[in-house]
Amino acid sequence: MPQCKAPSATWQHPVWSTARKDCVGTALGAAKVWFTMGYGIVTEVFYPTIDIPQIRDLGFIIADDQGFWQELKALPDHHIDLDDSRVPLPTVTHHHSRFEMTFRVCPDPQRDVLLIDFTLRGEDDMRPYVLCAARLGEDAQRNHAWAGTWAGRPVLWAEQGPFGLALTCRTTSGEAALIRSSVGEVGVSDLWQNFHQHGRMSWQYDEAGPGEVALAAELPRSGTLALGLGRSKEAAATNAWSSLAQGFGPCLNLYTAHWQAWHASHPLPLQLARHLPAAIETLYIRSANVLKIHEDRTFPGAFVASLSIPWGEVSDSLGGYHLVWSRDLVESAGALLAIGAHVEARQVLTYLISTQQADGHWFQNQWLGGKPFWQGVQLDEAGFPVLLAAALDAQHALNDIPIHDMVFRALRFIVREGPVTRQDRWEEDSGINAFTLAVVIAALVEGAPYLDDKARTLALMVADHWNTRIEAWTYAEGSDFAHKFGVTGHYIRVTPADILRGGRAEQEMVPIKNRSDNPQLAADNQVSNDFLQLVRYGLRCADDPHVAESVVVMDGLLKSDTPSGPVWHRYNGDGYGEHIDGSPFDGSGIGRGWPLLVGERGHYAICAGKDSLPYLQAMSRMTGPGELLPEQVWDSPAIPERGLFPGRPSGSAMPLVWAHAEFIKLCHSRLLGYPVDRPARTFARYQGLRPHLDFRLWTLKERPCDIKAGEELRVMLPTAFFVHFGHNGWQELLDIPSENYGLAHLATLPTRTMAAGTVMDFTICWADGTWLGEDIHIDITGGSA
């Protein structure tokens, strides 16, 4: 091999990229390597000591060395087979008129190695070539690559900082089998560029970088590739050849045994199997695999949202969906509880306890080790871990995990921060959102038993108060949509926080942040399906008039009918999806239908006494060729040249773990006749009915302008204070000290006996002697509480 360094460039052109479609990821037992597949190639490999993918992709070119060459991922069709539906061990076959390439992919359960067993059939002059784009460490632009030898065997190496990668190969008889090797910089001197410019492998460079590097080699027509990872390139090479020395078959057998044992400990309930059509049962098993696959092996209980990057063909995002969201995590844990995977659900809880912040919240999302990525605050993400703890306890599955401190801090944060969330569940807008309210109200109720007496009293008081105010805050009457669909009103997507001070906040503009043009829609002209969570969690009945009329508006605005079945959008005007011409989302686009929301609509159907099977069937038909659920499906006319067909996966994330969790839960909910993740204490407390209270709360955020005669006003603030209180121009002054209720401090004002027409006057003095700096005046209106 010529001893020369590959040419580099000051610009990067990532020629190897792929929408993360048909992903299959796998890891179980001692193995700590994750991989994903798209278009029949390995698209990403993860290493346990760092959260980002360690390669961008690994694929193949088939060529005759005479000018013909074909990149496998560019072929229009490929086939993925699984010998055992319980074992994610894909066999991928690519067909061409001149050849057939088949390979099986299996992680070594004992080492940080990914094995690819391959066979090329067809014309005798055809040869396979492997291409691998390394992406080691946190800086893909600082990778180095080498073509060399280790222990007398040819090897391709890459390294960046403390992370090493090795790619090597053996024949079926056990001989080292990298025939010709080269490394280069992506877009300049990699093998794809070599074939593109010369039609054959004519470059052989032994060093490349620092930069975005690629590894390549000519292979025999059959053999086994090993991609090893380690703390150095030498350690990676040792791992890789150790796996090759053991052989693909023994690794496959051990890997298969691990998966079969896991499924044997969580069998499909017979009663459930009797009620599931074959296609639904297949997706149920696949969904259980998807959940287990997405759990990290270094940080048990940490499940990433997806082993994929939405629209990965145009994205260089380090994060993608390779991150942990506490919301997605608990949604996944709910499905694990449903299938009886208590060990994994407990690991989720202990992981969440370990990553809770001092003030009680969780980061918007984080790397597996707990380092924050995006640092927004979503109130529902503080509530979900409490719901998980209570659900485990309800199944007598906590196993002495101490949860009281976690619950206390989470509920204290919710009480002090709510009812406003800085971001809704779609991570876009602040305000008051029905989904978020459902989660945090349920968290307050479910978490109350783990608090002391006063904190428990306050948690339930706040839950009841927020519950009774849901429609006042999130329901709009007489809107344009109400007139259009012939209803009185409907729940809205998110209400600006001004609603808490008596303003007409439903008429304020709420920005849609994923569009290039802000349509300037008022809050009451934006509708989502978030209110369905009120029914799912037992805060409202399915036939509540507010709910029933909102379903009419939701279905009219957000539902799309596709050949796969109906699908719902997140909200009207959404821009998170491909553009009208099918080009990838690039910060703006047009929102598409979400199979996840089909599942949520199916749960509402169950609550309404209807069969959810049509929704399960629709979800099952929306899967990709690998029978995985995508984040979104295309719901516009087909664009074949972009692979976009109505009711089929778009270029968004696939699989979406949350969607698979929702599918599992919908299967169990159908059998039970109610949502399997319905919080038990919450349902018992409210039974779907709005509570009637004889008090109002006043906080720094929520400031009612009036209360009804006979109602009691309670002032709730985060720290100690006293209320300087009078009426009708500061008459009959009183100083009323607050009491510490743990989650907050509370003072009760003597307003029950005040007659209609009275104006109460008060201000706040803090414990350090400083004053609020403003006077508060509240009218007592006619009518009784």
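Residues numbered from 1 in each chain as written. Predicted model: local features only at pLDDT ≥ 70, side-chain atom pairs only at ≥ 80, totals over all residues. Heavy atoms only, no water.

A.B. asks: How should the overall build of the chain be read in this particular structure?
C.D. replies: Scanning the chain for helices and strands turns up 19 helices and 29 strands. Relative to the 2.2 N^0.38 estimate, which gives 28 Å for 785 residues, the radius of gyration of the chain is 29 Å and therefore close to what a compact globule would have. Pairs at least 24 apart in sequence give 69% of the contacts found in the chain among residues at least 6 apart. Accessible surface, the chain: about 26800 Å² in total, of which carbon and sulfur atoms supply 51%. With 64 positive and 91 negative side-chain charges, the chain shows a separation of 3 Å between the mean positions of the two kinds. (Helix = DSSP H or I, 4+ residues; strand = E, 2+ residues; numbered from the N terminus. Rg over C-alpha atoms; globule rule 2.2 N^0.38 Å. Contact = heavy atoms within 4.5 Å. Areas by Shrake-Rupley, 256 points an atom, 1.4 Å probe, with all protein chains shown as cover. Lys, Arg positive; Asp, Glu negative; His and termini not counted. Charge placed at Lys NZ, Arg CZ, Asp CG, Glu CD.)

A.B. asks: How do you make sense of the sheet that holds strand β26 (residues 739-740) when you look at a structure like this?
C.D. replies: Hydrogen bonds along the backbone pair up the strands of a sheet, which may run parallel or antiparallel. In spatial order, the strands read β21-β23-β27-β26; together these four strands make up an open sheet with mixed pairing. If you trace the sheet from one side to the other, it starts and ends with β21 (695-698) and β26, each paired once. Where β21 and strand β23 (residues 712-717) come together, four bridges link them in parallel fashion. Bridge pairing links Trp698 to Val715 in β23. Of the strands in this sheet, β21, β23, β26 and β27 (745-749) are in contact with helix α11 (residues 453-468), which crosses β21 at around 100°. (Pairing = 2+ DSSP bridges. Axes fitted to C-alpha atoms, helices over the stretch in contact; angles between N-to-C directions.)

A.B. asks: I keep staring at the packing of helix α17 (residues 613-621) against helix α18 (residues 657-672) and nothing clicks. Help me out?
C.D. replies: Each packed pair of helices is defined by two parameters, the angle between the axes and the distance between the axes. Interaxial distance between α17 and α18 falls to 10 Å at its minimum, and their mutual angle equals 150°. Taken as axis vectors, α17 and α18 run roughly antiparallel relative to one another. Here α17 and α18 pass one another in a crossing that is left-handed. Only Ala659, Phe663, Leu666, Cys667 and Arg670 of α18 make contact with α17, whose side of the interface consists of Leu613, Tyr615, Leu616 and Met619. (Parallel < 35°, antiparallel > 145°, perpendicular 65-115°, else oblique. Left-handed = near helix turned anticlockwise from the far one by under 90°.)

A.B. asks: What am I meant to see in the state of the cysteines here?
C.D. replies: Defined simply, a disulfide is a covalent bond joining two cysteines at their sulfur atoms. Taken as a whole and assessed by the stated rule, the structure comprises zero disulfides. With no disulfide of its own, Cys541 lies 9.6 Å from the sulfur of Cys607, the closest cysteine sulfur. Residue classification places Cys541 among the partly exposed positions, given a relative accessible area of 26%. No disulfide involves Cys667; its sulfur sits 16 Å from that of Cys607, the nearest cysteine. Its relative accessible area of 1% is what places Cys667 among the buried residues. (Disulfide = S-S within 2.5 Å. Buried < 20%, exposed > 50% of the residue type's maximum accessible area, 1.4 Å probe, protein only.)

A.B. asks: Which parts of the structure should I look at to understand the pattern of salt bridges?
C.D. replies: It is possible for side chains of opposite charge to pair when their charged atoms get near one another. In total, this model carries 44 salt bridges according to the counting rule given. Between Lys454 and Glu739 there is a salt bridge whose closest N-O contact spans 2.8 Å. Of the two residues, Lys454 sits in helix α11 while Glu739 sits in strand β26, which places them 285 residues apart along the sequence. Using a relative accessible area of 36% as the deciding quantity, one classes Lys454 as partly exposed. Of the residues examined, Glu739 reaches a relative accessible area of 40% and is grouped as partly exposed. With its nearest N and O atoms 2.9 Å apart, the salt bridge here joins Asp555 to Arg601. Here Asp555, found in helix α15 (residues 545-558), pairs with Arg601, found in helix α16 (residues 595-607); they are 46 residues apart in sequence, far enough to count as distant. For Arg601, a relative accessible area of 11% translates into the label buried. (Salt bridge = Lys/Arg side-chain N within 4 Å of Asp/Glu carboxyl O.)

A.B. asks: Just checking my understanding: could you explain the packing of aromatic side chains for this structure?
C.D. replies: Geometrically, a pair of aromatic rings is defined through the distance of the ring centres and the angle of the planes. Per the stated rule, a full pass over the model turns up 25 aromatic pairs. A ring pair is formed by Phe373 and Trp374, whose centres lie 5.6 Å apart and whose planes are at 35°; its orientation type is tilted. Considering the side-chain rings of Trp568 and Tyr615, the 6.2 Å spacing of their centres and the 35° angle between planes classify their relative orientation as tilted. Here Trp568, found in strand β20 (residues 565-568), pairs with Tyr615, found in helix α17; they are 47 residues apart in sequence, far enough to count as distant. Each of the two residues, Trp568 as well as Tyr615, counts as buried. One aromatic cluster in this structure is built from Trp311, Trp426, Tyr576, Phe585, Trp594 and Trp658. Cation over ring: Lys454 sits above Tyr741, and NZ or CZ is 5.0 Å from the ring centre. (Phe/Tyr/Trp six-rings, centres within 6.5 Å; stacked < 30°, edge-to-face > 60°. Lys NZ or Arg CZ within 6 Å of the ring centre and 35° of its normal.)

A.B. asks: When you look at the packing of helix α6 (residues 326-339) against helix α8 (residues 379-394) in this model, what are you seeing that I'm missing?
C.D. replies: Packing of α6 against α8 brings their axes to within 8 Å, and their N-to-C directions diverge by 20°. Comparing their axes, α8 and α6 come out roughly parallel. Both α6 and α8 take part in a crossing whose hand is left-handed. Two secondary-structure elements touch here, α6 through Ser326, Arg327, Val330, Glu331, Ala333 and Leu337 and α8 through Asp380, Glu381, Phe384, Pro385, Leu388, Ala391 and Leu392. For the contact of α6 with α8, a count of residues per class yields eight nonpolar, one polar and four charged. (Nonpolar A, V, L, I, M, F, W, Y, C, P; charged D, E, K, R; others polar.)

A.B. asks: Help me understand the side chain of Glu631 in this model?
C.D. replies: As for its placement among the helices and strands, Glu631 is situated in the loop between α17 and α18. An unpaired buried charge is present at Glu631: no salt bridge exists, and Arg570, the closest side chain of opposite charge, is 6.6 Å distant. In terms of polar contacts, Glu631 uses its side chain to reach the side chain of Tyr321, at 2.5 Å. Glu631 has contacts with Pro310, Trp311, Tyr321, Tyr576, Gly593, Trp594, Pro595, Ser652, Ala653 and Leu656, leaving out every residue within four places of it along the chain. (Polar contact = N/O pair within 3.5 Å; in protein donor to acceptor, adjacent residues only side chain to side chain.)

A.B. asks: Sorry if this is basic, but what is going on with the sheet that holds strand β12 (residues 163-170) here?
C.D. replies: Sheet architecture is open: nine strands sit in the order β5-β6-β7-β8-β16-β12-β11-β10-β14, paired in antiparallel fashion. Looking at the sheet topology across the chains shown, the edges are occupied by β5 (78-82) and β14 (207-211). Ignoring strand direction, the axes of neighbouring strands in this sheet form an average angle of 20°. Relative to strand β16 (residues 222-230), β12 runs antiparallel, the two sharing seven bridges.

A.B. asks: Please clarify how unusual backbone geometry should be interpreted in this entry.
C.D. replies: Here the amide bond leading from Gly209 into Pro210 is cis, since omega sits at 5°, within 30 degrees of zero. The residue Pro210 is located in strand β14 in this model. A cis amide bond links Met654 to the next residue, Pro655, at an omega of 0°. Following the sequence through the fold, Pro655 ends up in the loop between α17 and α18. A positive phi is found at Gln520, a non-glycine position, where the angle reads about 55°. Position of Gln520 among the secondary structure elements: in the loop between β18 (489-491) and α14 (532-536). What makes Gln520 partly exposed here is its relative accessible area of 47%. You will see that Trp730, though not glycine, has its phi angle at about 65°, which is positive. Relative to the helices and strands, Trp730 is located in the loop between β24 (721-727) and β25 (731-737).

A.B. asks: Sorry if this is basic, but what is going on with the confidence of the model for the chain here?
C.D. replies: Regions with low pLDDT should not have their predicted coordinates read in detail. Summarising the model, the chain shows a mean pLDDT of 92, and 93% of its residues fall at 70 or more. In this model, residues 36-41 is a region of pLDDT below 50 whose contacts with residues beyond four sequence positions or in other chains number 38 contacts. Predicted confidence is poor over residues 46-51, with pLDDT under 50, and the contacts of this stretch with residues over four places away or in other chains come to 31 contacts. (pLDDT = per-residue confidence, 0-100.)

A.B. asks: Can you help me understand the environment of Glu471 in this one?
C.D. replies: Looking at where Glu471 falls in the secondary structure, it is placed in helix α12 (residues 470-474). Linking Glu471 and His546, residues 75 residues apart in sequence, is a C-alpha distance of 8.1 Å. Not counting residues within four places of it along the chain, the set of residues in contact with Glu471 comprises Tyr491, Arg540, His546 and Arg690. Polar contacts involving the side chain of Glu471 include one to the side chain of Arg540, which spans 2.8 Å.

A.B. asks: Just checking my understanding: could you explain helix α1 (residues 191-198) for this structure?
C.D. replies: By the burial criterion, the buried members of α1 are Leu191, Trp192, Gln193, Asn194 and Phe195. Taken from the residues just after α1, Gly199 is the one with a positive phi, measuring 75°.

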